[in-house]
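Fold and contact review
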Amino acid sequence: MINNNPKFLSGQMFIILIILLAVITIFTTAIYSGIGQFTLTTRNSYVADQATTLADSGIDLVLNKLSDPQYSGNETITSPQTGDIIIAPLQSAEYADTRSVTSTGCVPDCSSPFATKRKVTVQIAKEAKEISFPYTIHGTQTSGTPITLFSTGITGNVHSNGAITCALSGATSIEFVIPPTTCAGATQVANQPLGPMTTQDIQDWRLAAQNGNTPITCTTPCNLNSSITIGPRKYIGNVNIADNAQVALVGPIWITGDLAVTAISTIPRLYINPSLGSCGTVIVVDGRVSFGSAINVEDSGSSPLKGYPLIVTEYTGASDAIRLSGTGGSTLEGIFYATAGRLSTSGVTTITGAVVSNTLALTINTFTGGTANNLQPARFCGLSTNWVVKRGTYKLSK
């Protein structure tokens, strides 16, 4: 039975209105709550992105500072918004010249107890040119007998693009293209690989040396006879390494004349500065390389990989392009490369590294190279001063 009492109907309408208002209130509250949550999330995300950008800017700052060869990159930089940027050398299994960088970004600033913080950690390494030296001894001339070799102990591979005459022991492999050969255990092959550097490669190193610092003109031979750090630098004329010289290489060198060792009473030293780590660098000599007296040519001493000096000449004259004839305890740790001329040794007992030449006449006791000294590939710095973030090392955390 329907109750048509006006008071009863009025009460029903009131109850329905209350229910409707409750539904509207709940719906409106839910909408505003969602908007508020969205706004807060968006704001937090925006602030977090700001903090990440600030942390990334700290990495950019370090990359810029490390472009200066004199900057060691071993410090903590503090600023209100980027917090502490910690730069430290990292002895990695891959490279010794790696830096670990941790940068913190803060909004509004790192001193605030309510600051939003993001921390970025990366590894950065010096940009390098990789050049592979698969042969300890490589004669590149494709006719005649590029290699005449006498040695009591070689670690590594020997390859001649032509014939080869030798009396040696210990080589991992001996390859020749043109018979006959006097080398026991030698294998004839068909491939005649080019040298590991092109003419354009060498020209690039010249330009890197020239553009690095003001060239030095050597009207008479420039005598290096003290403790000195050089590179990148161009020397116009002849350069002598004299008594008391302690020459540290930190970048490429271009010598338009000859490079000679003229020391008499002491054994000079030419070495890769340890700051380069596993990165060597290059000396381009337009003339002859003549080590007529004892000299210590040394790698960077880093571990596990080493940086080697690469001395290269395009000299084409009748005399030796590279002559290594120092005696009296010379240490030769490097790569010696004559693209068009002859490389010869006399009185040298030990070489660690590689020799590449159009023709070679070698008499040496011990020669260690190839994979034993991480020359496949070797790394050389100085074409660029850039440091780069190593792929796969970027980590972001709160």
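A quick note: this is a predicted structure, and the numbers were derived from the prediction, not measured.

Our focus in this paragraph is the environment of V239. Assignment of secondary structure puts V239 in strand 16 (residues 239-241). Residue classification places V239 among the buried residues on the basis of a relative accessible area of 2%. Counting along the chain gives 19 residues from V239 to D258, while the straight-line C-alpha distance between them is 6.3 Å. Apart from residues no more than four positions distant in its own chain, V239 is found in contact with C218, C222, L224, I255, D258, L259 and A260.

Before going further, it helps to examine the confidence of the model for the chain. Detailed conclusions should not be drawn from predicted coordinates in areas where pLDDT is low. Overall, the predicted model of the chain reaches an average pLDDT of 84, with 86% of residues at or above 70. Across the chain, the secondary-structure element scoring lowest on mean pLDDT is strand 2 (residues 83-90), at 65, and the one scoring highest is strand 18 (residues 253-255), at 98. Note on residues 91-96: pLDDT is under 50 here. Beyond four places in sequence and across chains, it has 20 contacts.

In terms of nonpolar packing, the biggest core is built from 51 residues, with I137, I283, F291, L332 and F336 touching the most fellow members. In terms of residues, this core owes the most to one element, strand 27 (residues 350-368), which gives six residues. By size, the runner-up hydrophobic cluster in this structure holds 19 residues, among which are W254, Y308, V312 and V356.

It is worth spelling out helix 2 (residues 199-212) at this point. With 14 residues, helix 2 should cover 20 Å at 1.5 Å per step; its first-to-last C-alpha distance of 20 Å lies within 8% of that length. Among the residues making up helix 2, those that are buried are D201, I202, W205, R206, A208 and A209. The arc enclosing the buried residues of helix 2, seen along the axis, measures out at 160 degrees, which places them on a common side. Pointing more than 90 degrees away from the buried face of helix 2 are the exposed residues T199 and N211.

The next point concerns the environment of N296. Tracing the backbone shows N296 in strand 23 (residues 296-298). Judged by relative accessible area, N296 falls into the buried class, the value being 17%. Among the polar contacts listed, one links the side chain of N296 to the backbone nitrogen of T331, at a separation of 2.9 Å.

Attention now goes to the state of the cysteines. Using the criterion set out here, one finds three disulfides in the structure. Disulfide partner of C218: C222, at an S-S distance of 1.9 Å. Disulfide C218 to C222: torsion about the S-S bond roughly -105 degrees, handedness left-handed. Note on C218: relative accessible area 7%, which makes it buried. Assessed through its relative accessible area of 15%, C222 is described here as buried. Between the sulfur atoms of C279 and its disulfide mate C381 the distance is 1.9 Å. Looking along the S-S bond of the C279-C381 disulfide, the torsion reads about 95 degrees, which is the right-handed sense. Here C381 lies in the loop between strand 28 (378-380) and strand 29 (387-389) and C279 lies in the loop between strand 20 (269-272) and strand 21 (281-285), a separation of 102 residues in the sequence.

Thresholds applied
Every chain is numbered on its own, with residues counted from 1 as its sequence reads. Confidence filtering applies because this is a predicted model: local features only for residues at pLDDT of at least 70, side-chain atom pairs given and counted only at 80 or more, and all residues used for totals across whole chains, interfaces and linings. Side-chain measures were taken over the full set of non-hydrogen atoms in the model, leaving aside hydrogen atoms and water. Helix numbers and strand numbers start at the N terminus; a helix is a DSSP run of H or I with at least 4 residues, a strand a run of E with at least 2. Each residue's exposure class comes from its accessible area (1.4 Å probe, protein chains only) as a fraction of the maximum for that residue type: buried when under 20%, exposed when over 50%, partly exposed otherwise. Contacts between residues were defined by any pair of non-hydrogen atoms, one from each residue, lying within 4.5 Å. Each residue carries a pLDDT score, the predictor's confidence in it, ranging from 0 to 100. By nonpolar core is meant a set of buried Ala, Val, Leu, Ile, Met, Phe, Trp, Tyr and Cys residues that side-chain atoms within 4.5 Å join together. Here, expected helix span is obtained from the residue count minus one, scaled by 1.5 Å. Regarding the arc, it is the one traced by the directions from the helix axis to the C-beta atoms. Distance and chemistry together define a polar contact, namely a pair of N or O atoms within 3.5 Å, with one atom able to donate a hydrogen and the other to accept it when in protein, and with adjacent residues in sequence counting only for side-chain atoms on both sides. In this description, a disulfide is simply a cysteine sulfur pair whose atoms lie within 2.5 Å.

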